[in-house]
Amino acid sequence: MIKNFSNSSALLKYAEDKDLYPDLVSQLQKDFAFANVYVDFAPGITPVELKTRVLEKVYYLIMEKFPEYLNLLYIVDVPENVVKSIEATDVVEISEQVTFEILKREWQKVWFRHEYGS
């Protein structure tokens, strides 16, 4: 069952508890690479480090490479209406919320693949 998470930390903790955290990291790596956005998720990366790396990359893309940011959202399949509904006053807050939306969407992909096969 897909849960509604209140934040990234809760989502990552749940992924760890379900032993699907490595799959989530792999899915993130795959989609970032497919979007031609370089990010290095070292083997054994902790959930806190993962969230920080994604957040830093999202912030950088928004500030420096906006077309690549939009492409990443498209590749990950974050709904446009979700991104448009983000109410934030600065880029850091937007980055945090977008990071959460990316993690949620990637988690959905991992969960569905686990539940219903490859």
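No experiment lies behind these values; they were computed from the predicted model shown. (Residues numbered from 1 in each chain as written. Predicted model: local features only at pLDDT ≥ 70, side-chain atom pairs only at ≥ 80, totals over all residues. Heavy atoms only, no water.)

Engineer: So what exactly am I meant to see when it comes to the overall build of the chain here?
Structural biologist: Per the secondary structure count, the chain includes six helices and zero strands. Counting from the amino terminus, helix and strand elements in the chain follow one another as α-α-α-α-α-α. Expected size for 118 residues packed as a compact globule is a radius of gyration near 13 Å; at 13 Å, the chain falls within 12% of this value. Seen through its C-alpha atoms, the chain measures out along the principal axes to roughly 35 × 25 × 25 Å. For the chain, with 118 residues in total, the buried portion stands at 39%. Contacts in the chain between residues far apart in sequence, at least 24 positions, make up 68% of those at least 6 positions apart. For the chain, the exposed area adds up to about 7,100 Å²; of that, 52% sits on carbon and sulfur atoms. In the chain, 13 positive and 19 negative side-chain charges are present, and the distance between their average locations comes to 4 Å. (Helix = DSSP H or I, 4+ residues; strand = E, 2+ residues; numbered from the N terminus. Rg over C-alpha atoms; globule rule 2.2 N^0.38 Å. Buried < 20%, exposed > 50% of the residue type's maximum accessible area, 1.4 Å probe, protein only. Contact = heavy atoms within 4.5 Å. Areas by Shrake-Rupley, 256 points an atom, 1.4 Å probe, with all protein chains shown as cover. Lys, Arg positive; Asp, Glu negative; His and termini not counted. Charge placed at Lys NZ, Arg CZ, Asp CG, Glu CD.)

Engineer: Would you mind showing me how to read the environment of Pro 22 here?
Structural biologist: Looking at the secondary structure, you find Pro 22 in helix α2 (residues 21–34). Considering only alpha carbons, one finds Pro 22 and Leu 50, 28 residues apart in sequence, at a separation of 11 Å.

Engineer: What am I meant to see in the pattern of salt bridges here?
Structural biologist: One side chain can pair with another of opposite charge once the charged atoms of both are near each other. Overall, the coordinates contain six salt bridges when judged by the stated rule. Glu 101 serves as the salt-bridge partner of Lys 104, at 3.3 Å between the closest nitrogen and oxygen. One end of the pair, Lys 104, and the other, Glu 101, are both in helix α6 (residues 91–116), three residues apart, so they sit about a helical turn from each other. A relative accessible area of 25% places Lys 104 in the partly exposed class. By relative accessible area, which is 17% here, Glu 101 ends up buried. Among the salt bridges present, the one from Lys 109 reaches Glu 106, with a minimum N-O distance of 3.2 Å. Residue Lys 109 and its partner Glu 106 are both found in helix α6; the two are separated by three residues, about one turn of the helix. Using a relative accessible area of 16% as the deciding quantity, one classes Lys 109 as buried. Accessibility expressed as a relative area gives 0% for Glu 106, which makes it buried. (Salt bridge = Lys/Arg side-chain N within 4 Å of Asp/Glu carboxyl O.)

Engineer: Please clarify how unusual backbone geometry should be interpreted in this entry.
Structural biologist: The general pattern is negative phi for most residues beyond glycine and trans for most peptide bonds. For Asn 36, which is not a glycine, the phi torsion comes out positive at approximately 60°. In this fold, Asn 36 is placed in the loop between α2 and α3 (47–64). Although it is not a glycine, Asp 77 sits at a positive phi angle of roughly 80°. Assignment of secondary structure puts Asp 77 in the loop between α4 (66–76) and α5 (80–84). Since its relative accessible area comes to 41%, Asp 77 is described here as partly exposed.

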